[in-house]
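Spelled out, the chains give:
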Amino acid sequence: MAKIEAKIDHREMLCVETAAGPTGFVVFGASGDLAHRKLYTSLYELYRRELMSQCFYLIGCGRSQYSHEAFREAVKKNILVSDHTTDEQKLAEFISRFYYLSGDYSQTQLYQDICDLTTELDAKYCLDGNRIFYLSVPPFLYETIIEKLGELHLMCPAASGQIENVRLVIEKPFGRDLDSARRLDEKLLLYFDESQIYRIDHYLGKETVQNLLIFRFANSIFEPLWNRNFIEHVQINIAESVGLEHRAGYYDKSGALRDMFQNHMLQMLAMVAMEPPVSFAADSVRDEKAKLLRSIRPVTANQVDQFFVRGQYGPGVVDGKEARGYLAEEGVPTGSKTETFVAGKLFIDNWRWKDVPFYLRTGKRLSRKLTEIIITFKQVPHSMFDTSDLVDIPQNTLRFQIQPNEGMYLSLQAKRPGSKICMSNLDMAVDYQKVFGVKMPEAYQRLLLDCMLGDQTLFTRRDSVEIAWQLLMPVLESWRNDGQKLNVYPAGASKVNFLDKIEKETLFSLK
Ligand code: BG6
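From a predicted model like this one, the values you see are computed outputs, not experimental measurements. Note that residues are indexed from 1 along each chain, following the sequence as it is written. Local features in this predicted model are restricted to residues of pLDDT 70 or higher, and side-chain atom pairs are both shown and tallied only at a pLDDT of 80 or more, whereas totals for entire chains, interfaces and linings draw on every residue. Water and hydrogen atoms were dropped before computing side-chain values, which therefore reflect all heavy atoms in the structure.

**Things to note about the overall build of the protein chain**
Item 1. Only runs of H or I of at least four residues qualify as helices and only runs of E of at least two qualify as strands under DSSP, and these elements are numbered from the N terminus. Each helix and strand counted, the protein chain has 13 helices and 19 strands in total.
Item 2. Radius of gyration: C-alpha atoms only; globule rule: 2.2 Å multiplied by the number of residues to the exponent 0.38. Against the 2.2 N^0.38 benchmark of 24 Å for 511 residues, the protein chain shows a C-alpha radius of gyration of 24 Å, consistent with a compact globule.
Item 3. Viewed in the frame of its principal axes, the protein chain has a C-alpha envelope of about 80 × 60 × 45 Å.
Item 4. Summary of the burial criterion: residues with accessible area below 20% of their type's maximum are buried, those above 50% are exposed, and those between are partly exposed, where the area comes from a 1.4 Å probe applied to protein chains only. Classification of the 511 residues of the protein chain by burial places 54% in the buried group.
Item 5. What makes two residues a contact is simply this: any of their non-hydrogen atoms within 4.5 Å. Contacts spanning at least 24 positions in sequence make up 76% of the contacts within the protein chain whose residues lie at least 6 apart.
Item 6. Each accessible area is a Shrake-Rupley estimate made with a 1.4 Å probe; only the visible protein chains count as cover when residues are assessed. Here the protein chain displays about 24,000 Å² of accessible surface, and carbon together with sulfur accounts for 52% of that area.
Item 7. Positive residues here are Lys and Arg, negative ones are Asp and Glu, while His and the chain termini are left out of the count. In plain terms, the charge of a residue is placed at NZ if it is Lys, CZ if Arg, CG if Asp and CD if Glu. Separation of charge centres in the protein chain, based on 62 positive and 67 negative side chains, amounts to 5 Å.

Structure representation (structure tokens):
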């Protein structure tokens, strides 16, 4: 196979990453799973790579009682799980900057304690009030914390600072429907400026998702083809092998449409289909994304069955072992109708994409983890080869694989060596990790670094969140009224057949 190499050229000089400036973190929900699995490990990786400032500290807040020392030990233990060969000295330095405050999120006392401790630590670590408040708590606590931060003026900068230097990070879900998303935004904007709000969608931190922009807008050969004249359809698939992972309380009230489709999938769609932004500045990119989302053809409640299907996993076999169905999972209410699989067919009503179907599908408890975007080009108009009918000439596809390994695959037709004219599929494959010889960074690392640098490009803006909810409201309403049968697929399935309700030739099939 031909070897593909990334050529390191003089532009390498421009790729030196910018280190963050002085930052004090205040994390709500500090002892939670997300904070331990993603936040601290990513911050540590940035610290190890010298991308954190030496003027840095982190205050964890939560209802559990911890001493500073016990909190540091818990953080250390979790970092060692993911990186057991790390330099002990470095890790000790890192966790020495961690502090803990326990308290009730609805009581003013906790916020006064935060005020006192940040003042003390700003002096100790030479900070000028640059701060990131990170909400790693269940969404029902968002409004309480936002109100308290606002009332106690904790989001206001120090005398010499600028408003953008005090930031708030919130995790999805941003509301559970259009009304609640608007209420949340109103509450946020009562106290903060949009320039202070960083809504995390971790899919936007994934390398291949960002690479889509370079691929589309730094190569001149594909963009002329990137439209309805050459592309037949586009698929965005996120298959997961995991099930609920002890999150039944959250998941059963969400389902796949709210958990994955409203955010990760529509954001990826926007990256694939948006018009070229004027520049890579945060608002240029986010304006184009919002414009694209606004162009998606709305689906009315009585059209939902034509454009969306939902499913739930039943009992099945995973990794050769019997696996229970969703209804038998711990914490799932009897008879729950929550969907663990959703597929939708969307159209974008604009000049570029008119009548090109976009198939978006996601499901839990499938045979394997696979996230990919597949662009299928139109068939050649005529076969001039005696040996092949038109149907025997497969369409070209360009596939961006986001997980498990990040890469890009272009399928072409080529002549098989020999005297006869025979065709063969030729796959040009690029595995980023192999080509660039580096481990792909965890999405949170990129997003946390951007947040410390004050770059909002990869964070979701208010308008995009609300447009996405608006689009999906008829689907949520139709499903709430039980307007559509819930299909069942076996846990561990590699093919989900009920999808032929949407389109036969694009069955969701994991090879
Ligand atoms: C989260 C969802 O946003 O994304 C989870 O809440 C899902 O249900 C996860 O499992 C998938 O993320 P990743 O990065 O593992 O594909």
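Back to the text.
**Concerning unusual backbone geometry**
Item 1. The residue after Lys 172, namely Pro 173, is reached through a cis peptide bond having omega 5°.
Item 2. Positionally, Pro 173 belongs in the loop between strand E5 (166–171) and helix H6 (178–191).
Item 3. With an omega dihedral of 0°, the bond running from Gln 403 to Pro 404 counts as a cis peptide bond.
Item 4. With respect to the helices, strands and loops of the structure, Pro 404 is situated in the loop between strand E14 (397–403) and strand E15 (407–415).
Item 5. For Glu 50, which is not glycine, the phi dihedral falls at a positive 60°.
Item 6. Here Glu 50 shows up in the loop between helix H1 (33–48) and strand E2 (56–62).
Item 7. The class of Glu 50 is exposed, set by a relative accessible area of 56%.
Item 8. One non-glycine residue with positive phi stands out, namely Asp 355, at about 70°.
Item 9. Along the chain, Asp 355 falls in the loop between strand E11 (341–346) and strand E12 (358–363).

**Description of the sheet that holds strand E16 (residues 423–431)**
Item 1. In space, the 9 strands of this open sheet follow the order E16-E15-E14-E13-E7-E12-E11-E8-E17, with mixed pairing throughout. Unpaired on one side and paired on the other, E16 and strand E17 (487–490) mark the two borders of the sheet. Here the average twist between neighbouring strands, direction ignored, is 20°.
Item 2. Should DSSP find at least two bridges between two strands, the strands are regarded as paired. One ladder, built from 4 bridges, connects strand E8 (residues 308–314) with E17; its direction is parallel. Between the N-to-C directions of two axes lies an angle of 0 to 180 degrees, each axis being a line fitted to C-alpha atoms and, for a helix, fitted only over the stretch in contact.

**Notes on the nonpolar core**
Item 1. Counting residues in hydrophobic clusters, the biggest one holds 152 residues, and the most contacted among them are Phe 28, Leu 266 and Phe 308.
Item 2. No other element matches the 14 residues that helix H8 (residues 248–273) contributes to this core. Within this scheme, the nonpolar core is defined by two criteria: the residues are buried Ala, Val, Leu, Ile, Met, Phe, Trp, Tyr or Cys, and they are joined through side-chain atoms within 4.5 Å.

**Overview of the site of the ligand**
Item 1. Any residue with a heavy atom positioned within 4 Å of a molecule or strand is treated as near that molecule or strand. The environment of the ligand is made up of Lys 172, His 202, Tyr 203, Lys 206, Glu 240, Arg 247, Asp 259, Met 260, His 264, Lys 364, Lys 369 and Gln 403.
Item 2. Throughout this description, a polar contact denotes any pair of N or O atoms lying within 3.5 Å of each other; where both atoms belong to protein, one of them has to be capable of donating a hydrogen while the other can accept it, and for residues adjacent in sequence the pair is counted only when both atoms sit in side chains. Gln 403 places a polar side-chain atom, nitrogen or oxygen, 2.9 Å from an oxygen atom of the ligand.
Item 3. In isolation the ligand exposes 400 Å². Once the protein is present, 83% of that is buried.
Item 4. Top element by residues in the shell around the ligand is H8. It accounts for 3 residues.
Item 5. Counted by class, the shell around the ligand contains 2 nonpolar, 3 polar and 7 charged residues. Gly is placed with the polar residues, together with every amino acid not listed as nonpolar (Ala, Val, Leu, Ile, Met, Phe, Trp, Tyr, Cys and Pro) or charged (Asp, Glu, Lys and Arg).

**Quick notes on the sheet that holds strand E4 (residues 131–135)**
Item 1. Strand order in the open sheet formed by 6 strands is E3-E2-E1-E4-E5-E6, with parallel pairing between adjacent strands. Each edge of the open sheet is held by one strand with a lone partner, namely strand E3 (98–102) and strand E6 (197–200). This sheet shows a mean twist of 20° between the axes of neighbouring strands, independent of strand direction.
Item 2. Two elements, E2 and E3, share 5 bridges in a ladder whose sense is parallel. When the bridges of E3 are listed, Gly 60 appears paired with Tyr 100.
Item 3. Contacting E5 and E6, H6 runs over the sheet at an angle of about 150° to E6.

**A word on the pattern of salt bridges**
Item 1. Here a salt bridge means any side-chain nitrogen of Lys or Arg lying within 4 Å of a carboxyl oxygen belonging to Asp or Glu. By the definition in use, this model includes 30 salt bridges.
Item 2. Linking Lys 38 and Glu 442 is a salt bridge whose minimum nitrogen-to-oxygen distance equals 3.7 Å. Linking Lys 38 in helix H1 with Glu 442 in the loop between helix H11 (432–436) and helix H12 (443–453), this pair joins segments that are 404 residues apart in sequence.
Item 3. Relative accessible area serves as the criterion here: at 21%, Lys 38 is assigned to the partly exposed category.
Item 4. Given a relative accessible area of 30%, Glu 442 falls into the partly exposed group.
Item 5. Connected through salt bridges with shared partners, the residues Arg 182, Asp 185, Glu 194, Arg 199, Arg 462 and Glu 466 form a single ionic network.

**Quick word on a nonpolar patch on the surface**
Item 1. Taken together, the side chains of Met 384, Phe 385 and Ile 421 present a nonpolar region at the surface, about 300 Å² in accessible area.
Item 2. Among the structural elements, Phe 385 can be located in the loop between strand E13 (370–377) and E14. Residues enter patches when they are more than 30% accessible in relative terms and free of salt bridges; like-charged ones are connected within 9 Å and nonpolar ones (Val, Leu, Ile, Met, Phe, Trp, Tyr) within 5 Å.

**Let's talk about the side chain of Lys 187**
Item 1. Mapping Lys 187 onto the fold places it in helix H6.
Item 2. Residue Lys 187 is classed as buried on the basis of its relative accessible area, which comes to 17%.
Item 3. For Lys 187, the side chain forms a polar contact with the side chain of Glu 147, separated by 2.4 Å.
Item 4. Lys 187 has contacts with Glu 143, Ile 146 and Glu 147, leaving out every residue within four places of it along the chain.

**Points about the packing of aromatic side chains**
Item 1. To pair, rings of Phe, Tyr and Trp, with the six-membered ring standing in for Trp, must have centres within 6.5 Å; the planes then decide the type, stacked if under 30 degrees apart, edge-to-face if over 60, and tilted in the middle. Inspection of the entire model under this criterion finds 30 aromatic pairs.
Item 2. Plain terms: the ring middles of Tyr 99 and Tyr 125 are 6.5 Å apart, the flat faces sit at 70° to each other, and that makes the pair edge-to-face. Placement of Tyr 99 in strand E3 and of Tyr 125 in the loop between helix H4 (108–124) and E4 is noted, with a sequence separation of 26 residues between them.
Item 3. Given the relative accessible area of 8%, Tyr 99 is considered buried.
Item 4. Judged by relative accessible area, Tyr 125 falls into the buried class, the value being 12%.

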